[in-house]
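What the coordinates show
This is what each chain is made of:
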Amino acid sequence: ELALKSLGSEGLFLFSSLDTNNDLYLSPEEFKPIAEKLTGVAPISEFEEEETPDPSGETLSVVAKFQPLVMETMTKSKDGFLGISHVALSGLRNWTAPAAPMSMMLARQFKAFLPPKNKVDVGDPWWIIPSELNIFTGYLSNNRFYPPPPKGKEIIIHRLLSMFHPRPFVKTRFAPQGAVACIQAISTFYYTIAFRIHAEFQLNEPPDFPFWFSPGQFTGHIILSKDSSHVREFKLFVPNNRSLNVDMEWLYGASESSNMEVDIGYLPQMELESTGPSIPSVIHDENGNVIDSRDPSGEPIQFVFEEITWQQEIPWEEAAQKLEVAMYPFKKVSYLPFTQAFEKAKAEKKLVHSILLWGALDDQKHNKLLSASLPMPGSGRTLRETVLESSPILALLNESFISSWSLVKELEELQTNRENEFYSKLADLHLEKYNFPVEMIICLPNGTVVHHINANYFLDITSMKPEDVESSIFSFSTNFEDPSTATYLQFLKEGLQRAKPYL
């Protein structure tokens, strides 16, 4: 009360965005972002003090490539951003180039990507930064402008992402957070490590309200020596192969409960790549004397790197799949592209279990589908973290269905595709049954829908007490603690039942 009286609601909003432990006092650590903003001087972090570069250590040159979000792909752009203040989008509109187009890094800083001692098999995933959130812990505050200081293995990832924008949050507000990796290839002295990172950026600063920019994922690979003294190759990027790959959320007022606007859009390019292998910062001759890094004619000395012979390796697609399943256990069931799912269902005489949504199911975009009736951070995410990961559901889906998920936008494009009438018809039948934000659909291989349920309705009935539900929807609940698992099982079994006359 007192704080509100003396600061006003916007002042209190800024204060509480800095007061990370909510004790109504700002410690020097909490005040640091404002001090840096006002003085323009950032103190040397403890990490940089510790990391005195080894004089014989190698350095890696990394370049950033960035093409800004295509504003026309935002759904709100269709109505000319009506009702959206120019200020809200200013951080997004002004972000047209990477914060640091090039950076020199120490090869040893990439040690964070090396596997722990118990994870030296190809394709066996481990967490570089573990996720600290799950369905029970909820999610982190939206009311923040400045990232917490990174610690341990977060430091290198924070530093890399800072090349794009000065305010990366290495830990996302929603699960699954963190970074996961696995070995893609092994040689005598080198590893190729595939990785996937979920991170987001805060594009606004006070006095504006927060604007969160969450790419679907960052993925990539690094080839480095087992002692991390040499990096042969490094690449990190946001995949751009789907029609939408970024989620955005912004607040409209000075409190957590303020109205929040949500949108999705397409980012053509966001990548980091090494310009070549890491090279020694100081060069010694065979007698140990320091020599000039340029030859007598002033040209830089050319280094010759030995060819790496891989003894074991797996394809990139397989490594990416392992990382996906580590992030999302529901992916133990294969979710095929829309048209492929129907072809496979026809061949195997199975039903198609299809999820149609406004934002992606397997991206950190978490499809935060905030319909007015839904006070939770997203029905797609809720579905994914409870029902679709439960063992009985995984078992039934694997046994009797071919699964797929699609974006509404993708099916709308398929619907207008006159080259393939059958695919167009499939999309038509799906979109006919779609209601915002997520529709779960069971259909025959020819596209006929035999059963469907909307995620909001599903979440409403599973949050009711069994005695309040008149139907037999809870007939399975004796076997399961979780009514949502029981209800989804019932939905799948009813679908199988209804399809019997046709199959």
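Residues numbered from 1 in each chain as written. Predicted model: local features only at pLDDT ≥ 70, side-chain atom pairs only at ≥ 80, totals over all residues. Heavy atoms only, no water.

The name given to the protein in an unreviewed UniProt entry is Selenoprotein N, and the organism recorded there is Spheniscus mendiculus.

Helices and strands together make up the secondary structure of the protein, namely 13 helices and 22 strands. The buried share among the 503 residues of the protein stands at 51%. Intrachain contacts of the protein at a sequence separation of at least 6 include 71% that bridge at least 24 residues. Surface accessibility of the protein: about 24000 Å² in total, with carbon and sulfur atoms responsible for 54%. (Helix = DSSP H or I, 4+ residues; strand = E, 2+ residues; numbered from the N terminus. Buried < 20%, exposed > 50% of the residue type's maximum accessible area, 1.4 Å probe, protein only. Contact = heavy atoms within 4.5 Å. Areas by Shrake-Rupley, 256 points an atom, 1.4 Å probe, with all protein chains shown as cover.)

Along the chain, the position of His-221 falls in strand S9 (residues 218–225). His-221 sits in the buried class, given a relative accessible area of 18%. At 2.7 Å, the side chain of His-221 forms a polar contact with the side chain of Glu-233. Ignoring any residue separated from it by four or fewer positions in sequence, one finds His-221 in contact with Thr-192, Ile-193, Ala-194, Phe-195, Glu-233, Phe-234, Lys-235 and Trp-316. (Polar contact = N/O pair within 3.5 Å; in protein donor to acceptor, adjacent residues only side chain to side chain.)

Right, let's get into the packing of aromatic side chains. One pass over the full model with this rule turns up 19 aromatic pairs. Taking the centre distance of 5.0 Å and the plane angle of 65° together, the rings of Phe-338 and Phe-342 count as edge-to-face. Taken together, the residues Phe-338 and Phe-342, both in helix H7 (residues 338–348) and four residues apart, mark about one turn of the helix. For Phe-338, a relative accessible area of 7% puts it in the buried group. (Phe/Tyr/Trp six-rings, centres within 6.5 Å; stacked < 30°, edge-to-face > 60°.)

This next bit is on the pairing of strand S20 (residues 401–407). Most of S20 sits out of view: seven of its seven residues are buried. Alignment of strand S18 (residues 335–336) against S20, held across two bridges, turns out to be parallel. Paired with Leu-336 across the bridge in S20 is Ser-404. Alignment of strand S19 (residues 351–357) against S20, held across seven bridges, turns out to be parallel. By the bridge assignment for S20, Leu-351 is matched with Phe-401. (Pairing = 2+ DSSP bridges.)

What follows covers the packing of helix H9 (residues 391–400) against helix H13 (residues 483–499). Contact geometry for H9 and H13: axes closest at 10 Å, N-to-C directions at 15°. Taken together, the axes of H9 and H13 are roughly parallel relative to one another. For the pair H9 and H13, the crossing hand works out as left-handed. Facing Pro-392, Ile-393, Leu-396, Leu-397 and Ser-400 of H9, the residues of H13 in contact are Thr-485, Tyr-488, Leu-489, Leu-492, Lys-493 and Leu-496. (Axes fitted to C-alpha atoms, helices over the stretch in contact; angles between N-to-C directions. Parallel < 35°, antiparallel > 145°, perpendicular 65-115°, else oblique. Left-handed = near helix turned anticlockwise from the far one by under 90°.)

All right, on to the pattern of salt bridges then. All told, the structure shown has 15 salt bridges when counted by the stated rule. Among the ionic pairs, Lys-171 bridges to Glu-132, the shortest N-O distance being 3.0 Å. Linking Lys-171 in the loop between strand S4 (168–169) and strand S5 (178–186) with Glu-132 in the loop between strand S3 (126–129) and helix H5 (154–161), this pair joins segments that are 39 residues apart in sequence. Residue classification places Lys-171 among the buried positions, given a relative accessible area of 18%. For Glu-132, a relative accessible area of 55% translates into the label exposed. Here Lys-409 and Glu-413 are joined by a salt bridge, their closest N and O atoms 3.4 Å apart. Taken together, the positions of Lys-409 and Glu-413, both in helix H10 (residues 408–415) and four residues apart, correspond to about one turn of that helix. In the salt-bridge network here, residues are joined through shared partners; they are Glu-132, Glu-154 and Lys-171. (Salt bridge = Lys/Arg side-chain N within 4 Å of Asp/Glu carboxyl O.)

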